[in-house]
Amino acid sequence: AIYAMVVLGLNLFIGYAGQISLGHAAFFAIGAYGSAIGSATFGLPAWPVMIAVAVIAACVALAVGVPALKLSGHYLAMATLGFNIVIYTVLVQWDAVTGGPSGLAGIPYLAIGPLVFDNEMRFHYLVWAFTLLALLLCLNLVRSGAGRGLAALAEDETAAAALGVDTRLAKIKVFVMSAVLASLAGSLFAHCYTFVSPDSFGIFISVDFVIMVVVGGMGSIWG
């Protein structure tokens, strides 16, 4: 369910916007480590931290996307892959904050009032609730005018631009949205396992996400 949230957003970017990203594990990492540092290191409330980290991930995606999305094809793939390597290196090297290769432990469980999601069954329902909300969001998006514009962009960028689609803005928006979904999934990942380490966010995880999109069917939300 956690991976499905990431892949739903990535599918919009690959299957509908017709772009390629090999760096979504970086946004997954930002969500996981942001929630871990905020709640475990600083003792801040988990839910507000999760939202704040998602906003940070959106800002990072915007900062990366504005220059990177001038590229396309293999060049864009290499740019996003480089971003993933940078984030992974920071996680490994910045021991004082991230715990380095050893990771961060002691992340608290999520809770709603007296209900603490401290076992697999409770977390199962929580995570799938988030995933189904993400699914509904993506289904509504692709059925909207913006979604049809994205579909046109994937088929032929020049034709879509000729019909009035702001192709560059559309690509940036969907990139930011996919980063937010990846960040929220990362936060859930951290609070589910109460431990994070850099090994969970390397470039091969990004490749796994792309494979999931391809196997499920590019442009297929249910897939």
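Data block above holds the structure.
Just so you know, these numbers come straight off a predicted model, no measurement behind them.

Caption draft 1: Fine view of the overall build of the chain. Of regular secondary structure, the chain possesses 10 helices and 4 strands. In the chain, the succession of α and β elements from N to C terminus is α-α-α-α-α-β-β-β-α-α-α-α-β-α. Each principal axis of the C-alpha atoms in the chain carries an extent, and together these give about 55 × 35 × 30 Å. Out of the 223 residues belonging to the chain, those deemed buried represent 48%. When contacts within the chain are restricted to residue pairs at least 6 apart in sequence, those whose partners lie at least 24 apart make up 80%. A total accessible area of about 10400 Å² is found for the chain, and carbon and sulfur atoms account for 69% of it. Both charge centroids of the chain, one from 7 positive and one from 9 negative side chains, sit 13 Å from each other.

Caption draft 2: Main features of the side chain of serine 183. When you line up the elements, serine 183 lands in helix H9 (residues 167-193). The residues contacting serine 183, other than those within four sequence positions of it, are Phe27, Gly31, Val53, Ala54 and Ala57.

Caption draft 3: Molecular detail of the nonpolar core. In terms of nonpolar packing, the biggest core is built from 74 residues, with Val196, Phe201 and Ile221 touching the most fellow members. Secondary-structure elements contributing two or more residues to this core are helix H1 (2-16), helix H2 (24-41), helix H3 (46-68), helix H4 (73-93), helix H6 (120-143), helix H7 (145-155), H9 and helix H10 (203-216). The element contributing the most residues to this core is H9, with 14 residues.

Caption draft 4: Structural detail: the packing of aromatic side chains. Scanning the model with the defined rule gives 12 aromatic pairs in all. Ring plane angle 50° and centroid distance 5.1 Å describe the contact between phenylalanine 13 and phenylalanine 175, whose orientation is recorded as tilted. With a gap of 162 residues between them, phenylalanine 13 in helix H1 and phenylalanine 175 in helix H9 connect regions that are remote in the sequence. Relative to phenylalanine 201, the ring of tyrosine 33 lies with its centre 5.8 Å away and its plane at 70°, an arrangement referred to as edge-to-face. Here tyrosine 33, found in helix H2, pairs with phenylalanine 201, found in the loop between strand S4 (195-196) and H10; they are 168 residues apart in sequence, far enough to count as distant. Classification of tyrosine 33 as buried rests on a relative accessible area of 3%. An aromatic cluster of three or more residues is present, and its members are Tyr3, Phe28, Tyr33, Phe189, Tyr193, Phe201 and Phe209.

Caption draft 5: Quick peek at unusual backbone geometry. For threonine 194, which is not a glycine, the phi torsion comes out positive at approximately 55°. The topology assignment puts threonine 194 in the loop between H9 and S4.

Caption draft 6: Inspection of the environment of isoleucine 172 at higher detail. Relative to the elements of secondary structure, isoleucine 172 occurs in helix H9. We classify isoleucine 172 as buried; its relative accessible area is 10%. Taking the C-alpha atoms as reference, isoleucine 172 lies 9.4 Å from phenylalanine 13; in sequence the two are 159 residues apart. Once residues lying within four places of it in the same chain are set aside, the contact partners of isoleucine 172 are Leu62, Gly65, Val66 and Leu69.

Caption draft 7: Spotlight on H3. Taking 1.5 Å as the rise per residue, H3 with 23 residues should run 33 Å; its terminal C-alpha atoms sit 32 Å apart, in good agreement. For H3, the elements touching its buried residues are H2, H4 and H9.

Scoring rules and cut-offs
Residues numbered from 1 in each chain as written. Predicted model: local features only at pLDDT ≥ 70, side-chain atom pairs only at ≥ 80, totals over all residues. Heavy atoms only, no water. Helix = DSSP H or I, 4+ residues; strand = E, 2+ residues; numbered from the N terminus. Buried < 20%, exposed > 50% of the residue type's maximum accessible area, 1.4 Å probe, protein only. Contact = heavy atoms within 4.5 Å. Areas by Shrake-Rupley, 256 points an atom, 1.4 Å probe, with all protein chains shown as cover. Lys, Arg positive; Asp, Glu negative; His and termini not counted. Charge placed at Lys NZ, Arg CZ, Asp CG, Glu CD. Core = buried A, V, L, I, M, F, W, Y, C linked by side-chain atoms within 4.5 Å. Phe/Tyr/Trp six-rings, centres within 6.5 Å; stacked < 30°, edge-to-face > 60°. Expected span 1.5 Å × (residues − 1).

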